[in-house]
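Chain residues, written in single-letter form:
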Amino acid sequence: MFKRSNYGLIAILIVITVIYGPYLSRQVTYDEAYTFLNYASSPLTALLLYTTPNNHLLHSLFVWLTTSLVGDSLFAIRLPAFFASLLSIAYIYRIGRRVFSRNAGLIAAVMLAAVPMVMDHLVKARGYSLSILVALLFFDLIVCRMHHSFRSPLLRRYHFLALIVLLMIVLPTMLLLTIPVCLWLMRQLFKRREYNLMREYFAQFVFGTVIGVMFYTSGFLVDGLNKFTDQFGFDDVGALAGGLIDRTTTPLLWPILAIGLVSGIGYAWLHQRDFVKVIGIVVGTAVVLAFVQQWLTGGVLFPRNYIYLVPFIVLLVAAGWSALFMRLPYNNITTLVLVAVLLAGILDRVPALGQKTPIDEIETAINQNIQANDALLTQCCLDAPLQYIYRETSFTTIDETTQRIIVIPTRYFSFEQIKAELEHDPICTPEQWIEVEIHICPATTATAAPVP
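Residues numbered from 1 in each chain as written. Predicted model: local features only at pLDDT ≥ 70, side-chain atom pairs only at ≥ 80, totals over all residues. Heavy atoms only, no water.

**Student:** Help me understand the nonpolar core, please; the structure alone is not making it clear to me.
**Tutor:** Within soluble globular proteins, side chains that are nonpolar generally end up buried alongside one another. Counting residues in each nonpolar core, the largest one holds 107 residues, and the members touching the most others are Tyr20, Phe138, Leu177, Tyr308 and Ile346. Apart from residues no more than four positions distant in its own chain, tyrosine 20 is found in contact with Phe82, Ala113, Met119, Leu122, Val123, Ile346, Val350 and Leu353. (Core = buried A, V, L, I, M, F, W, Y, C linked by side-chain atoms within 4.5 Å. Buried < 20%, exposed > 50% of the residue type's maximum accessible area, 1.4 Å probe, protein only. Contact = heavy atoms within 4.5 Å.)

Below is the structure:
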């Protein structure tokens, strides 16, 4: 059933599943709950309702599918991201093995799962795991496979167009990948005097990008571009660079990445020069556009928006270590030692995924103190998680049966700001529920609005 040469990959996938699987039931986060409650109710909502950047269209569609099939548990909500992560690990192994060596593929597969930012999104219901997978797919088909024959039927039958649309509905920031790779493709075709193919692929790129952008028009038509310009993560490129380093390295991982990257660039430059060139163009484009974005808007994207760069760097690092080990008499054993070190790093850091969060404390406090006819009133970023946790209760709705309204201040909204949501102005009593500050307000029959 399986080729003997794939046994190593199968073992890695099993180990990764065993390590990360238990954390699929960790406490829900705001973005996960917001996605499920607002965008995963139907295919049309998932793909066409882009009112905030929280909606990663294709991921929301898959969340709708899994929750429709197996229920609305956290496992079902996180299953698409987890499955995409496992496929990414398998696919990076495939690319590393085909382009460099089997050992490079094994190192790349484990190293991808060991990067802290990837670790978090392995078990988080967001579209970033999908972005890694489709980035690898796109890079493989365009750069790795098509290097020698751009006339392959694989691309001639509009697969290129489909890939561009797919990348756009995963995340709009995937333009940071498609633009430089397509420019490289155009240059390759021009050098080979394949002018007809160049025009065809360029037309597919433009048409596919336009189709992809159309999925996001609802947000811009309703709220305009200004709604999204204040939702960037950092103020400047320097802070972004620091954030990327902090989220992609550890004390154990950074020397492995540094040595492997230097060696990998040198080795790939000698044996797979176009591979290095394209990765350099992709990374360079991301850097240049980050400076442009800062200049135009005064802000830059979150580090997680650049997670698509991680697998390409990992491939170079894995190639570097594989090249270094080839000079040793027992290169397979040394490869397994490095794989074991990376797995040890994962085991050391993975318990952090299950650490208690403020949501855990608040849920515990609520469960110990809430009464049958109470209702909860809060704001970002507690509202969506609590709505998900208590979705099958009456605690998230204020109606004529409500006797007490439990107002929970948040990091961004004070008690007075949240209380203003009420249609009356009751005299509220502050209380301390374990570590949670709450205010108990008497309800009136005049209040019958859903809790925001």
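**Student:** How do you make sense of the packing of aromatic side chains when you look at a structure like this?
**Tutor:** Here a ring pair, both rings aromatic, is described through the centre-centre distance and the interplanar angle of the planes. Overall, the coordinates contain 13 aromatic pairs when judged by the stated rule. Arranged with centres 5.9 Å apart and planes meeting at 65°, the rings of tyrosine 390 and phenylalanine 395 form a pair that is edge-to-face. Judged on exposure class, the residue tyrosine 390 and its partner phenylalanine 395 are both buried. Taken together, the ring pairs in this structure connect Phe100, Phe139, Tyr267, Phe275 and Phe312 into an aromatic cluster. (Phe/Tyr/Trp six-rings, centres within 6.5 Å; stacked < 30°, edge-to-face > 60°.)

**Student:** Would you mind going over the state of the cysteines with me for this structure?
**Tutor:** Note on terminology: a disulfide is the covalent bond linking the sulfur atoms of two cysteines. In the structure shown here, the tally under the stated rule is 2 disulfides. Through a disulfide, cysteine 380 is tied to cysteine 381; the S-S separation comes to 2.3 Å. Overall, the relative accessible area of 19% leaves cysteine 380 in the buried class. (Disulfide = S-S within 2.5 Å.)

**Student:** Mind showing me how you'd approach the pattern of salt bridges here?
**Tutor:** Opposite charge on two side chains makes pairing possible when the charged atoms of those side chains draw close. Taken as a whole and judged by the stated rule, the model has 8 salt bridges. When the shortest N-O distance is used, the salt bridge between glutamate 32 and arginine 78 registers 2.8 Å. Of this pair, glutamate 32 sits in helix 2 (residues 30–39) while arginine 78 sits in helix 5 (residues 74–99); the two residues are 46 residues apart in sequence, bridging distant segments of the chain. Using a relative accessible area of 0% as the deciding quantity, one classes arginine 78 as buried. Here arginine 98 and aspartate 140 are joined by a salt bridge, their closest N and O atoms 2.1 Å apart. (Salt bridge = Lys/Arg side-chain N within 4 Å of Asp/Glu carboxyl O. Helix = DSSP H or I, 4+ residues; strand = E, 2+ residues; numbered from the N terminus.)

**Student:** Where do I start with a positive patch on the surface in this structure?
**Tutor:** The grouping of Arg187, Lys191, Arg192, Arg273 and Lys277 at the surface amounts to a positive patch. Looking at the positive patch, the elements that each hand over two or more residues are helix 11 (175–191) and helix 17 (273–297). Take arginine 187: it is sitting in helix 11. (Patch = residues over 30% accessible without salt bridge, like charges linked within 9 Å, V, L, I, M, F, W, Y side chains within 5 Å. Areas by Shrake-Rupley, 256 points an atom, 1.4 Å probe, with all protein chains shown as cover. Lys, Arg positive; Asp, Glu negative; His and termini not counted. Charge placed at Lys NZ, Arg CZ, Asp CG, Glu CD.)

**Student:** Whenever I open this one, the side chain of histidine 424 confuses me. Can you help?
**Tutor:** By secondary structure assignment, the location of histidine 424 is in the loop between helix 22 (415–419) and strand 3 (429–433). Of note is the side chain of histidine 424, whose polar atom sits 3.1 Å from the backbone oxygen of proline 442. (Polar contact = N/O pair within 3.5 Å; in protein donor to acceptor, adjacent residues only side chain to side chain.)

**Student:** What's the story with the environment of isoleucine 10 in this structure? I'm lost.
**Tutor:** With respect to the helices and strands, the residue isoleucine 10 is situated in helix 1 (residues 7–20). C-alpha separation for the pair isoleucine 10 and arginine 273, spaced 263 residues apart in sequence, amounts to 30 Å.

**Student:** Looking at this structure, I do not really get unusual backbone geometry. What am I missing?
**Tutor:** Glycine aside, residues mostly have negative phi angles, and peptide bonds mostly take the trans form. Cis geometry marks the peptide bond from cysteine 380 to cysteine 381, where omega comes out at 15°. With respect to the helices and strands, the residue cysteine 381 is situated in the loop between strand 1 (374–378) and helix 21 (383–389). One non-glycine residue, arginine 193, lies in positive phi territory at about 60°. By the element assignment, arginine 193 lies in the loop between helix 11 and helix 12 (195–214). Phi angles above zero are rare outside glycine, and isoleucine 434 is one such case at about 55°. Secondary-structure assignment places isoleucine 434 in the loop between strand 3 and strand 4 (436–442). Its relative accessible area of 45% is what places isoleucine 434 among the partly exposed residues.

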